[in-house]
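# Descriptive analysis of the structure
The chain contents come next:
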Amino acid sequence: MLFVVEECYNCFVMKFNRSTLISIIAFFTIYAISCIFKLSSNIIMPIFQQRFALSHAMTGLITGAYYIGYAPMQLFASPLCKKWGTHNVIGGFILLSMAGALFWAFAKGSAYVLIGRLLLGIGVGPAYIGILYYITTITDKKTYALLAGIANCAGNAGGIMASAPIKMLVELFDVRGTFLFFALLLATLSTALFILGKNENRILAHSDDSSLKKNIKDAFKTLISSKILKSSAVVWMSFNVYQLCYIGLWSAKWANEAYNASSIWTWSASIGALGLCLGTLLSEFFRRKNESRFRSAITSEYLFALSGFLVVFAHNLTALGITSIAGIFVVKSIIDFYFGFAMGHMCIQITAVIREIAPREVNATILGIINGMGSLSCLVFQWLTGAMYDAFHRYYAPNTSYNLVFLLVSFLSLIIVLNASHILKKADKA
């Protein structure tokens, strides 16, 4: 573990000046907030669902509205950062998330919730790809994956906050107080980034002058011409769907239907987010034990495919004779941790594969296209899983309905992984 800390310190602190470090910390904080917004719907949406009498399908649709605004920004984030600077783009757009937080703070109906969710997604839309672009400009290939892992770890720390800690904040200050705090925090970070952006020209020494239209066109051309990139895009979509449908929406509600005792299941979701955080941080240290980047990516994809079926298993422990809440919580938490860890590990390995085979000038844009496709798939599947639940619930008990929904999602993920791993195996042998 000391080795991990030393490597992170050498990568994160020793190579950058003070201004760059402050910028990185501000970007990572915004990414953490974006993960809170993305995943806290697991806690916040049931409150709005009860308050405004929303169906499961409508709850899933409103939750997915986040990606209507978020997805298009993935395509334009990297070119916009090249043209206007990462600080100005991210700092400007998060003001829209600030407005979304205010809509949620003062929500008076489902329309307020829908508009707020949409603005939250638009505002943090450029954050992740903008950060990866920024990292690309200040690192080489050797340190890119490690710093990207640290970035994802920092962001996914927001995933830990998005469950039990957010529930505690909401219980103390209600939804209004909680999102007024986020609105103030985003306004402060926006101001800081505009000030730090004065150093943008010096920091982004490797940026080029290619036009926005040409950059996007070249990125699409590169993506379409590569089987590896196309299969990685589909796996990324599957990863986003499972993570954000399970951790980001239904996990606490599903566990409560299976076992009751709802107050403790938000902590189990936080443990899953902790696994995601550590999976992104430690991914590169596992990779170094493998012979190639492709082989490591294949392993990470198999671990991900297994995790989906384990999640379903975690909600049927009473069938094995485990009846105490303490025993169920321990087993479910271990599985949720593994689920998160497998997700985080695969996310970094796919990102690193893309970084390794895609040209530097379109790398972040390709990641943006892929992340945007994943976001659109989340929009569809967060509504679809809710609609599927409503359909199954007409004939089956709640827990059985959730089991059927996520078994179908797990089998779909398995098929996608098997296809992607076959492509990577062929590339590894070439």
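For the structure itself, look to the data block above.
Note that the structure is predicted; figures quoted are calculated from it, not measured.

Of regular secondary structure, the chain possesses 17 helices and zero strands. Contacts in the chain between residues at least 24 apart in sequence constitute 85% of all its contacts with a sequence separation of at least 6. As presented, the chain carries roughly 16900 Å² of accessible surface, and 68% of it is formed by carbon and sulfur atoms.

With that settled, consider a nonpolar patch on the surface. A cluster of nonpolar residues, Met 58, Leu 61 and Trp 383, forms a patch on the protein surface that exposes about 260 Å² of accessible area. Within the secondary structure, Trp 383 is located in helix H16 (residues 360-392).

In terms of nonpolar packing, the biggest core is built from 111 residues, with Phe 37, Phe 179, Tyr 242, Ile 366 and Phe 406 touching the most fellow members. Ranked by residue count, the leading element in this core is helix H12 (residues 227-259), at 14 residues. Excluding residues that lie within four positions of it along the chain, Tyr 242 makes contacts with Ile 247, Phe 304, Gly 308, Val 311, Val 312, Phe 339, Met 343, Phe 406, Val 409, Ser 410 and Ser 413. Core analysis: the next-biggest nonpolar cluster, separate from the first, contains seven residues, Ile 228, Ala 297, Val 353 and Ile 423 among them.

Taking 1.5 Å per residue, 33 residues should reach 48 Å; helix H9 (residues 164-196) reaches only 33 Å between its end C-alpha atoms and comes up short. In H9, a bend of some 110 degrees at Asp 174 exceeds every other bend along the element.

Conventions used here
Residues numbered from 1 in each chain as written. Predicted model: local features only at pLDDT ≥ 70, side-chain atom pairs only at ≥ 80, totals over all residues. Heavy atoms only, no water. Helix = DSSP H or I, 4+ residues; strand = E, 2+ residues; numbered from the N terminus. Contact = heavy atoms within 4.5 Å. Areas by Shrake-Rupley, 256 points an atom, 1.4 Å probe, with all protein chains shown as cover. Patch = residues over 30% accessible without salt bridge, like charges linked within 9 Å, V, L, I, M, F, W, Y side chains within 5 Å. Salt bridge = Lys/Arg side-chain N within 4 Å of Asp/Glu carboxyl O. Core = buried A, V, L, I, M, F, W, Y, C linked by side-chain atoms within 4.5 Å. Buried < 20%, exposed > 50% of the residue type's maximum accessible area, 1.4 Å probe, protein only. Expected span 1.5 Å × (residues − 1). Bend = angle between axes of the 7 residues up to and from the residue.

Shape is all these values report; function is a separate question.
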